[in-house]
Amino acid sequence: MTLEDRLLNDWFLTIELSTGCNLKCPTCPQNAANNNLEVMDESLLFDILNGISRDRIKFTSLTPFFRGEPFYNTNFIEYLKLINSFNRDISFFEFMTIHSNGQFINDNTGKKLFELMAKNGYGELIVSLDSSSDELYQKIRPGGDFNCSVNNLKQLINTYKAYSGIITLGIQFVEHKENSDDFPKFLKFWTGILNNNNLPFELIAENEKIMKNVPGIYIVRKPAGEFEQKSTIQSTSIKINHLGCHKAWVSPVIGVKGEITFCCADYNFEMINSNKTYFIQDFDYSIKSFWYSKPMQKIRNAFKAGNFPKKCDTCIEMGLSLENKYEDQ
Ligand code: SF4
């Protein structure tokens with residue numbers, strides 16, 4: 001099997017169940033775009049799930065959010081239940097991965113979420129706090145309540161005990177220039193709480209281990225602005241040998257209205273064609289039809305030839321993921 005075939009058989013689905021966020025983080029691209037809450041029509045979600053059922057396709061993971069905070073949608077858990085009911089019947093993904101600012105995950109929500117994730121066999125929840133004090137939190141995550149997130153996370157840690165060995169919980173510190181000195185305090189605080197709870201944990205520099213779905217508690221340190229950094233690996237040979245960015249092979253993304261893309265930074269759904277947004281409705285709700293469509297083949301061919309959209313120039317994904325994930329297999 002060629003690398004290209006292998007990639008096409010190891011894919012990760014994103015369905016954006018809602019947009020919008022309760023916070024106004026200055027570095028977030030969501031802030032530059034529309035930050036209003038829009039929730040996917042339940043009928044659209046049904047059609048997408050029915051399309052997956054018809055296609056008989058299977059994904060490694062499902063990410064049920066794209067732009068914004070997933071729990072800002074008060075029906076988020078109900079939508080996950082619907083997705084889980086399909087997964088029980090047709091087993092279309094292996095695990096679910098969710099990132100959150102933790103403001104809305106109270107004890108009750110946390111229990112429901114872990115229970116749902118455990119029904120799939122495995123799940124990941126990453127909560128980003130990024131600071132050890134309210135003062136700093138307000139600079140990085142304006143609009144949020146630091147103590148609320150800390151208390152919710154403490155409750156989650158308690159709830160986690162019943163799910164260790166099945167669920168991954170990430171306590172994340174995204175490093176910005178404002179908080180670059182704060183990580184030792186952050187680490188000390190959460191290390192103390194985990195030790196008091198007799199919970200083993202691991203400190204990781206980025207979420208690679210989480211992506212390898214090894215259950216556990218991780219304190220995750222991650223650099224911010226991954227789409228603003230200049231990638232350090234951008235030689236022509238890497239672009240050609242490694243198909244450039246692997247996203248065009250592995251990660252279909254469906255937006256809240258059915259818009260489709262493959263790129264996690266394509267918040268305006270214009271990467272495939274800057275003059276036209278494609279919708280899953282155009283492909284009769286078939287992700288498979290979209291994935292093997294002419295526009296997608298065209299963009300993969302462009303990537304293989306070393307022609308990338310401008311956005312890729314500053315994206316850390318370029319070359320790195322393929323290097324790490326596939327090169328040595
Ligand atoms: S390299 Fe380009 S296509 Fe890949 S994730 Fe980054 S912006 Fe998207």
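Before any of the text, the structure's been laid out above.
All residue numbers here refer to positions counted from 1 along the written sequence of the relevant chain. Totals for whole chains, interfaces and linings use every residue, but because this is a predicted model, local features are given only for residues with pLDDT of at least 70 and side-chain atom pairs only at 80 or more, for both listing and counting.

Caption draft 1: Region of the structure containing the sheet that holds strand β8 (residues 253-254). Between any two strands, at least two bridges found by DSSP are needed for them to pair. What counts as a helix is a DSSP run of H or I of at least four residues, what counts as a strand is a run of E of at least two, and both are numbered from the N terminus. Spatial ordering of the open sheet is given by β6-β7-β5-β4-β3-β2-β1-β8-β9, a layout of 9 strands whose pairing is mixed. This sheet does not close on itself; its edge strands, each paired only once, are β6 (202-204) and β9 (260-261). Bridging between strand β1 (residues 12-15) and β8 involves 2 bridges; their strand directions are parallel. Bridge pairing links T14 to V253 in β8.

Caption draft 2: Up close: the pairing of strand β5 (residues 167-175). Exposed residues have 12 or fewer other C-beta atoms within 10 Å of their own C-beta, buried residues have 20 or more, and partly exposed residues fall in between, where C-beta atoms are placed from the backbone. Most of β5 sits inside the fold, with 8 of its 9 residues counted as buried. In terms of strand pairing, strand β4 (residues 123-128) meets β5 through 6 bridges, oriented parallel. Bridge assignment links I126 to a residue of β5, and that residue is G170. Of the pairings in the sheet, the one linking β5 to strand β7 (residues 216-223) comprises 8 bridges and is parallel in character. The partner of L169 across the bridge, within β7, is I217.

Caption draft 3: Local environment of the environment of C28. Here C28 shows up in the loop between β1 and α2 (29-32). Along the sequence, C28 and G68 sit 40 residues apart, while their C-alpha atoms lie 8.9 Å from each other.

Caption draft 4: Just the nonpolar core, in detail. Put simply, a nonpolar core is a cluster of buried Ala, Val, Leu, Ile, Met, Phe, Trp, Tyr and Cys residues tied together by C-beta atoms within 7 Å. Core analysis: the largest hydrophobic core is formed by 71 residues, its most contacted members being I48, L62, Y160, L169, I171 and I280. C-beta atoms are placed from the backbone for every residue, and two residues are taken to be in contact when these atoms lie within 7 Å. Ignoring sequence-local partners within four residues, the contact set of I48 consists of I15, I254, I280 and Y285.

Caption draft 5: A look at the packing of helix α3 (residues 42-55) against helix α4 (residues 76-90). Interaxial angle, 0 to 180 degrees, is taken between N-to-C directions of lines fitted to C-alpha atoms, where a helix line uses only the stretch in contact. At their nearest, the axes of α3 and α4 sit 11 Å apart, and the two run at 15° to each other. Taken together, the axis directions place α3 and α4 in an arrangement best described as roughly parallel. Crossing handedness for the pair α3 and α4: right-handed. Along its contact with α3, which presents L45, L49 and S53, the element α4 presents Y79, L82, I83, F86 and I90. Partitioned by chemical class, the residues of the contact of α3 with α4 number 7 nonpolar, 1 polar and no charged. Reported orientations rely on four angle classes, namely roughly parallel under 35 degrees, roughly antiparallel over 145, roughly perpendicular from 65 to 115, and oblique for the rest. Whether a crossing is left-handed or right-handed is set by the direction in which the near helix is turned from the far one by less than a right angle, anticlockwise for left-handed and clockwise for right-handed. Three categories are distinguished: nonpolar for Ala, Val, Leu, Ile, Met, Phe, Trp, Tyr, Cys and Pro, charged for Asp, Glu, Lys and Arg, and polar for the others, with Gly belonging to the last.

Caption draft 6: Representation of the pairing of β4. Along β4, 5 of the 6 residues are buried, which leaves the element largely enclosed by surrounding structure. Looking at chain direction, strand β3 (residues 93-100) and β4 are connected through 5 bridges and run parallel. What sits directly across from T97, in β4, is E124.

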